[in-house]
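Structural characterization, general
Here are the chains, one letter per residue:
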Amino acid sequence: MMRSAVGRRIPPWLVAPGRSARAERDPAARPSAFTMLEMVMVIVIVAILAMVIVPRLGTSLSTLPLYGEADKLRSRIREMQSRAVMGNKAYKIIFYPTNDNYTVQYWDAGSSSYVNYEVGVVIGNHIDLASTSYTSDTVVLDRFGSPDQDGGTIVLQNVSGTTRTLTVAAGTGHVSVQ
């Protein structure tokens, strides 16, 4: 017959099957397991964290394509600035907000006119070219890569209404995204 921690006898029918007298006296010898209360508490904590994190994650995921397109367009403008300096020729980027695309042209001295470099480059899927502040929606870069007019902005917008604004600084041609 087993004895309790205070020395009293424990009837055999009260001892759990598979438990020995040593397991009753020595807590280190007891099998380790989680209690139902511990399991419920973990589930509650995970559920609360999920309720807080998932909505924020969903908002972030919907803006990723917009951020990507803004960065891609910034890189494209920077590339055209570099090409202008390297080739010693002017470039212009003509935006078409109604079609959500743009065309890149360069100055050809031989024909004394602009020649298409890339035509109808589409702004990303579900991203709108909302507006530009440039005259005729055209950014003209001189042979030094600087805009030949005052700086301006290009606004991109996703389907949920979030916007990213690209600003091309006058004089320097620095392109930033807000």
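Rules of the game
Residues numbered from 1 in each chain as written. Predicted model: local features only at pLDDT ≥ 70, side-chain atom pairs only at ≥ 80, totals over all residues. Heavy atoms only, no water. Salt bridge = Lys/Arg side-chain N within 4 Å of Asp/Glu carboxyl O. Helix = DSSP H or I, 4+ residues; strand = E, 2+ residues; numbered from the N terminus. Buried < 20%, exposed > 50% of the residue type's maximum accessible area, 1.4 Å probe, protein only. Pairing = 2+ DSSP bridges. Axes fitted to C-alpha atoms, helices over the stretch in contact; angles between N-to-C directions. pLDDT = per-residue confidence, 0-100. Phe/Tyr/Trp six-rings, centres within 6.5 Å; stacked < 30°, edge-to-face > 60°. Lys NZ or Arg CZ within 6 Å of the ring centre and 35° of its normal.

Applying the stated criterion across every chain, the model contains five salt bridges. One salt bridge in this structure joins E79 and R76, with 2.3 Å as the shortest N-O distance. Of this pair, E79 and R76 both sit in helix α2 (residues 36-87), separated by three residues, roughly a single helical turn. Note that E118 is salt-bridged to R76, the shortest N-O span being 1.6 Å. Taken as a pair, E118 in strand β5 (residues 113-122) and R76 in helix α2 lie far apart in primary sequence, 42 residues in all. When its relative accessible area of 27% is taken as the criterion, E118 is described as partly exposed. For R76, a relative accessible area of 14% translates into the label buried.

A word on the sheet that holds β5. The four strands are arranged β5-β4-β3-β7 in an open sheet whose pairing can be described as antiparallel. Bordering the open sheet on either side are β5 and β7 (138-141), each of which pairs with just one other strand. Across the sheet, the mean angle from the axis of one strand to that of its neighbour is 15 degrees, orientation sign disregarded. Bridge count for strand β4 (residues 101-108) against β5 is seven bridges, and the pairing is antiparallel.

Residues of the protein with pLDDT of at least 70 account for 81%, and the chain-wide mean is 84. Averaged pLDDT values over the elements of the protein bottom out at 55 in strand β1 (residues 2-3) and peak at 94 in strand β9 (residues 163-168).

With that settled, the discussion passes to the packing of aromatic side chains. Per the counting criterion, the structure on display carries five aromatic pairs. Centroid distance Y91 to Y117: 6.0 Å. Interplanar angle 85 degrees. Geometry classified as edge-to-face. Separated by 26 residues along the polypeptide, Y91 in strand β3 (residues 91-96) and Y117 in strand β5 bring together distant segments of the chain. Classification of Y91 by relative accessible area gives buried; the value is 5%. A relative accessible area of 31% places Y117 in the partly exposed class. Here a set of aromatic residues connected by ring pairs shows up, and it is made of Y91, Y106 and Y117. The ring of Y114 carries K92 above its face, with NZ or CZ at 4.3 Å from the centroid.

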